[in-house]
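Residues per chain are reported as follows:
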Amino acid sequence: MKLKKSVVYLSIALISQSVMASMEITPDSKPASIYTIEKNEAVRSSLNFDNRDDFSAASRGFIATWPEKTIRDKAGNVVWDFDAYQFVDAQQKIDTINPSLHRMAQLNNKAGLFKVTDGVYQVRGFDLSVISFIRGERGWIVIDPLISEETARAGLALLNQHVEKLPVTAVVITHSHIDHFGGIWGVTTKEAYDAGQVAVVAPEGFYEHAISENVLAGNLMSRRASFMYGNLAEPGPRGLVDAGLGKTTSTGVPGIVEPTLLIHKTGEKHKIDGIEFDFQMANGSEAPAEFMAFMPKYNTLLASEVMTHTIHNISTLRGAQTRDASKWAGYIDETIQLYGDKADTMIASHHWPTWGQAKIKNQLEKTRDMYQYVHDQTLRLANMGYTPNEISASIQLPTSLDKEWYNRGYYGTVSHNARATYDFYFGAWWDGNPANLNPLPPEEAGAKYVEAMGGADQVVQIAQKAVERGEYRWAVTLLNHVVFADPSNAQARYLEADAMEQLGYQSESGPWRNNYLIGAKELREGFKPAPTPDTTAIAKNMPVRSVLESLTVRVNPEKAAGKTMVVNLKVSGDQNSESGEYAMLLSNSVLKTYQDRQLDHADLTLTFSQSDLADLLARKASFEELIKAGKFKVSDSQKLNELMSIFDTFANDFGIVTP
């Protein structure tokens, strides 16, 4: 056995000599280094890859898949590509992919229509998320209709063709993230909704959070999401492999509607097209508005996104409010109490189902304990004086939790969830050390570090040696200073890209891999826009109060300096306000907004309708066109120009891996 291992390592060493020789500082993607190969082989040795239970579960009940290689929009643009990830199945071992992530990517490649149990079906692998179908008395109850109407429509068509063609009688939206409601117009129509033929069920707070959750920080979230989901990378062994929860995000047209039935509290029971749903609220777990539900007729637990076959995020890498890991664990514990002895099947908003009461309870219990363990151990170490980075480097799940495939870090990780938990209690901006209380900005700090280390050439040489030793995290730290001190230093950029790339190849987490590889790509090639869903259909539904709130963070203090202005707005057809009256007050370079209120001595009054505002937000008409057509009435055009002059516009091509 020792001889066999020696031969393997000798082979790796010989291969790595040619690999290292080819890893010159160039703008090209590189193969896996010896250190990456060794690290990935260690993962392969530490986990039980012979256990194929998940592959059986992910294939169980398969009926059919989409007959074409792609799903396209009305203009013929590809919004989902089934063939792009076939390389994942073609090889069982790829040096540039962490073997555990490779395994999850193969599982997420299983796309098609599946029978879960009598009356319950799913379409998986048509988007980042899963769409489920429940047989009601009169038709199909749709659960979580994906991101885009095109992918959702394809899923429904597959169901109608291979199971039974029935009308959609209800849409159940488990929570307020776009991958669970965006495809609603692919499974129903506005006419059916307006006529009351389709019920739309969602948790309390859904509509408000779904529309406005990303308003204030949406531009940065969008930029970071393109890193997290790998939209800027081409699928391939050195590129996009998987996002952990699914392949990636579709790029079709999302929509949104207001629910016709809101669920407010745990224990609410409602018959939806004759099927009883027993709801459990989970607000503030994976989403600010979320519920789970049990369907007694089918003995099926709908676990939403509270349960998945991966560690989830306590703080998502795209950016969002940090979540409460203990509260999340508490919801799962409550689920065990409520439904643990009832559910024979568990379906969720991502991945494949779990069958069997014993397996379901085991997964619930160990997922609960995983989140609680990270929470408790983070606080234990924090109370002993350890800093966030020290804590994240120290916490390891117990073997009883760590070896369960659903507790692997394909999406969230123990590492960044520990830092997120620290942030939840103490704030992440400071670790308590006065030396870090008021740090230099990255460009200034970079210049100082480079100067102190003897100049950019010297730092690059040190980093080159670190890369040659496989110390990629240290190399990235060093080279980040050089790049921020001088972003035109191509040698530093390319070497940092090489080091980031190797970290990506080693990552078990899909989002970690994507962030590293997109970072490497931008260092080599500069910024390139990513394909993203067209969210104008959602933006047009934004309430007036949210539109005004979004303006407050666009105020440029220099442009607004010394200005005081009172603005009243009168909006007709506004369903979110009793009076349709709003106001804004600009003073001290701060814009305050008010609903159902008018201010005295207005400098400017704007009068318009909610529908015309929707056209503006959906880019169907410009501000100038609406004013010219008399649809936006302006009391003082000069004051309007003065007001508009204080706002910044947000571009999304700013640097993340560069200044």
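Quick notes on the rules
Residues numbered from 1 in each chain as written. Predicted model: local features only at pLDDT ≥ 70, side-chain atom pairs only at ≥ 80, totals over all residues. Heavy atoms only, no water. Helix = DSSP H or I, 4+ residues; strand = E, 2+ residues; numbered from the N terminus. Rg over C-alpha atoms; globule rule 2.2 N^0.38 Å. Buried < 20%, exposed > 50% of the residue type's maximum accessible area, 1.4 Å probe, protein only. Contact = heavy atoms within 4.5 Å. Pairing = 2+ DSSP bridges. Axes fitted to C-alpha atoms, helices over the stretch in contact; angles between N-to-C directions. Core = buried A, V, L, I, M, F, W, Y, C linked by side-chain atoms within 4.5 Å. Phe/Tyr/Trp six-rings, centres within 6.5 Å; stacked < 30°, edge-to-face > 60°. Lys NZ or Arg CZ within 6 Å of the ring centre and 35° of its normal.

So, the overall build of the chain
Here is step 1 of the chain: Summing up its helical and strand segments, the chain has 25 helices and 21 strands in all.
Here is step 2 of the chain: Relative to its length of 659 residues, the chain is compact, with a C-alpha radius of gyration of 26 Å against a globular reference of 26 Å.
Here is step 3 of the chain: If you line up the chain on its principal axes, its C-alpha atoms span 80 × 65 × 55 Å.
Here is step 4 of the chain: Buried residues in the chain amount to 52% of all 659 residues.
Here is step 5 of the chain: Put simply, 71% of the contacts in the chain that link residues at least 6 apart link residues at least 24 apart.

Overview of the sheet that holds strand β12 (residues 275–281)
Here is step 1 of the chain: Here we have six strands laid out as an open sheet, ordered β11-β12-β13-β14-β15-β16, and mixed in their pairing. Of all the strands in the sheet, just β11 (269–272) and β16 (354–355) have a single pairing partner and so form its edges.
Here is step 2 of the chain: In the packing of helix α10 (residues 325–339) onto the sheet, contacts are made with β12, β13 (291–295) and β14 (300–302), and the angle to β12 comes to roughly 145°.

So, the sheet that holds strand β17 (residues 565–572)
Strands in a sheet are paired, the pairing made by backbone hydrogen bonds, and the direction either parallel or antiparallel.
Here is step 1 of the chain: Read across the sheet, five strands follow the order β19-β18-β17-β20-β21 without closing on themselves; strand pairing throughout is mixed. Single-partner strands in this sheet number two, and they are β19 (590–595) and β21 (633–634).
Here is step 2 of the chain: Pairing geometry for strand β20 (residues 604–609) and β21, over two bridges, is antiparallel. Following the sheet pairing, Thr607 is matched in β21 by Lys633.

Things to note about the nonpolar core
Here is step 1 of the chain: Of all hydrophobic cores here, the largest spans 64 residues; its most connected members are Phe126 and Phe133.
Here is step 2 of the chain: Per-element tally for this core: the top contributor is helix α6 (residues 149–162), with five residues.
Here is step 3 of the chain: Among residues more than four places away in sequence, those in contact with Phe126 are Thr65, Trp66, Ile71, Trp80, Phe82, Ala111, Gly112, Leu146, Thr151, Ala154, Gly155 and Leu158.

Overview of the packing of aromatic side chains
Here is step 1 of the chain: Here the structure, examined in full by the defined rule, presents 17 aromatic pairs.
Here is step 2 of the chain: A ring pair is formed by Phe82 and Phe126, whose centres lie 5.0 Å apart and whose planes are at 75°; its orientation type is edge-to-face. Of this pair, Phe82 sits in the loop between β3 (78–81) and α4 (87–90) while Phe126 sits in the loop between β5 (120–124) and β6 (131–135); the two residues are 44 residues apart in sequence, bridging distant segments of the chain. Taken as a pair, Phe82 and Phe126 share a single burial class, namely buried.
Here is step 3 of the chain: When the centroid spacing of 4.5 Å and the interplanar angle of 10° are considered together, the rings of Phe608 and Phe632 count as stacked. Within this pair, whereas Phe608 is found in strand β20, its partner Phe632 is found in the loop between α24 (623–628) and β21, the two being separated by 24 residues in sequence.
Here is step 4 of the chain: Residue classification places Phe632 among the buried residues on the basis of a relative accessible area of 5%.
Here is step 5 of the chain: Connected via pairs of aromatic rings, a cluster forms that spans Tyr422, Phe424, Tyr425 and Phe426.
Here is step 6 of the chain: Over the ring of Phe55 we find Arg52; its NZ or CZ atom is 3.7 Å from the centre of that ring.
Here is step 7 of the chain: A cation over a ring is seen here: Lys247 above Tyr85, with NZ or CZ 4.9 Å from the ring centre.

Focus on unusual backbone geometry
Here is step 1 of the chain: Not every positive phi belongs to a glycine, and Asp273 is a case in point at roughly 45°.
Here is step 2 of the chain: With respect to the helices, strands and loops of the structure, Asp273 is situated in the loop between β11 and β12.
Here is step 3 of the chain: Overall, Asp273 belongs to the buried group, its relative accessible area being 11%.
Here is step 4 of the chain: A positive phi is found at Asn299, a non-glycine position, where the angle reads about 50°.
Here is step 5 of the chain: For Asn299, the location among the structural elements is in the loop between β13 and β14.

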